[in-house]
Amino acid sequence: MIKNYISYLTFVKQYSKATIINYTKGINRLQKFLTTIGKDVNDPEGIRLVDMFNFLEDMAKSWLSARTCAGHLYGVVSYLKYCRDVLELHVLDIAKIQFPKIPDRKVWYFSEDEKNHILKLANNWLWFREETRLRNRLIVYLFLHTGLRCHEIAKIKLSDIVGESLQVIGKGGKRRFVFLRKEILDMIYLYLGKRKRKSDYLFHSWLLNGGHITTDQIRHTFNKMSKKAWIHIHAHKFRHTFATDLLHVPWSNIYAVARLLGHQRITTTQIYLGTNNAELKKIQFWLKF
């Protein structure tokens, strides 16, 4: 039954691999708990609401964070919905399942000084051969000026670039467009001119013939860069920086930013609306004295 559920998520719902893995972790965690009380996830009709309360308590006693507990519950709820709607089984009332209260998500982003330091380092990257140096510089600028996710940058194809537009394949295979500045297009043409191996991908892999660079390779590059810059450079932190900066542009709006980021819900984009003290001071002091 679980295999059929995973196939349903993959081919019908077209969820991303990361989402499917996270949902599967939740189901596996539930299976481990149900085994202790003589029940099984393959018999969803036998799962009661009290079992879900006890499951949540069991996770909390295992020192799992509220966010992790909620993530596991999302996977379980998705599975129960599949059993109810697709298999037409009589399962518990999903609406009564209670989720733990999750604290507000902290958004980490680079300050202006940190961005300038990272870009200066990227432009003076001297400890690699030229092709790799140009590739790494281009990756940094793409992260900072497009807000793409790590796996989205890794999978960019040359055919995705049309003029100033870049077609992006996001989570769940959803397509959207972002735009490339002239400076970044110039970097792309310069990098392609120095590239020795042909590939359909913008960033090809040296390990996989014809394949694209992996997200692990990108993170490994940032780890090296972090040691040199004395700043923790995390791939997703660029995305947070991009979103936060855009939302503070006077003529921008949250709906446009959500489209650029590939968010389905505005509530996801709202987490970037928080401002630091420097921004609050700038806003307050805008008033005439």
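Conventions we followed
Residues numbered from 1 in each chain as written. Predicted model: local features only at pLDDT ≥ 70, side-chain atom pairs only at ≥ 80, totals over all residues. Heavy atoms only, no water. Helix = DSSP H or I, 4+ residues; strand = E, 2+ residues; numbered from the N terminus. Buried < 20%, exposed > 50% of the residue type's maximum accessible area, 1.4 Å probe, protein only. Lys, Arg positive; Asp, Glu negative; His and termini not counted. Salt bridge = Lys/Arg side-chain N within 4 Å of Asp/Glu carboxyl O. Contact = heavy atoms within 4.5 Å. Pairing = 2+ DSSP bridges. Phe/Tyr/Trp six-rings, centres within 6.5 Å; stacked < 30°, edge-to-face > 60°.

Trainee: When you look at the side chain of Lys237 in this model, what are you seeing that I'm missing?
Mentor: Summarising the element assignment, Lys237 is placed in helix 10 (residues 235–247). For the buried Lys237, no salt bridge exists, and the shortest N-O distance to an oppositely charged side chain is 4.6 Å, to Glu114. Not counting the four nearest positions on each side in its chain, Lys237 is found in contact with Trp108, Tyr109, Phe110 and His232.

Trainee: Explain the pattern of salt bridges here, please?
Mentor: Two side chains carrying opposite charge are able to pair once their charged atoms lie near each other. Within this structure, the stated rule accounts for 12 salt bridges. Residues Glu130 and Lys194 are paired through a salt bridge, measuring 3.9 Å at the closest nitrogen-oxygen approach. Of this pair, Glu130 sits in helix 6 (residues 130–146) while Lys194 is found in helix 8 (residues 182–194), placing the two residues 64 residues apart along the sequence. In this structure Glu130 comes out as partly exposed when scored by relative accessible area, which is 40%. The class of Lys194 is partly exposed, set by a relative accessible area of 38%.

Trainee: What is the right way to read unusual backbone geometry from this model?
Mentor: Negative phi characterises most residues that are not glycine, and trans characterises most peptide bonds. At Trp63, a position not held by glycine, the phi torsion is positive, near 65°. Among the structural elements, Trp63 can be located in the loop between helix 3 (49–61) and helix 4 (66–85). The class of Trp63 is exposed, set by a relative accessible area of 78%. One non-glycine residue, Glu88, lies in positive phi territory at about 55°. Secondary-structure assignment places Glu88 in the loop between helix 4 and helix 5 (112–123).

Trainee: I would appreciate a short explanation of the pairing of strand 2 (residues 165–169) in the present structure.
Mentor: Alternating residues of strand 2 divide into Leu166 and Val168, all buried, and Ser165, Gln167 and Ile169, none buried. Alignment of strand 1 (residues 161–162) against strand 2, held across two bridges, turns out to be antiparallel. Directly across from Val162, in strand 2, lies its bridge partner Ser165. Between strand 1 and strand 2, which pair antiparallel in sequence order, lie two residues; one of them, Gly163, sits at a positive phi of approximately 65°. Of the pairings in the sheet, the one linking strand 2 to strand 3 (residues 175–179) comprises five bridges and is antiparallel in character. Looking at the pairing, Ile169 lines up with Arg175 of strand 3.

Trainee: Help me out: how do you make sense of the packing of aromatic side chains in this one?
Mentor: Two aromatic rings are characterised by how far apart their centres lie and by the angle between their planes. Tallied over the full model, the rule gives 11 aromatic pairs. Relative to Tyr82, the ring of Tyr5 lies with its centre 5.4 Å away and its plane at 55°, an arrangement referred to as tilted. Linking Tyr5 in helix 1 (residues 2–12) with Tyr82 in helix 4, this pair joins segments that are 77 residues apart in sequence. The pair Tyr5 / Tyr82 is uniform in exposure class, with both members buried. Through pairs of rings, three or more aromatic residues link up here, namely Tyr5, Tyr8, Tyr79 and Tyr82.

Trainee: Can you help me understand the environment of Leu142 in this one?
Mentor: Positionally, Leu142 belongs in helix 6. It is 19 Å that separates the C-alpha atoms of Leu142 and Tyr272, two residues lying 130 residues apart in sequence. Among residues more than four places away in sequence, those in contact with Leu142 are Gly147, Ile153, Ile156, Leu180, Ile184, Leu202 and Phe203.

Trainee: Just to check I follow, could you spell out the environment of Trp125 for this structure?
Mentor: Note that Trp125 resides in the loop between helix 5 and helix 6. Taking the C-alpha atoms as reference, Trp125 lies 50 Å from Tyr82; in sequence the two are 43 residues apart. Not counting chain neighbours up to four residues away, the residues in contact with Trp125 comprise Arg133, Asn136, Val140, Thr221 and Met225.

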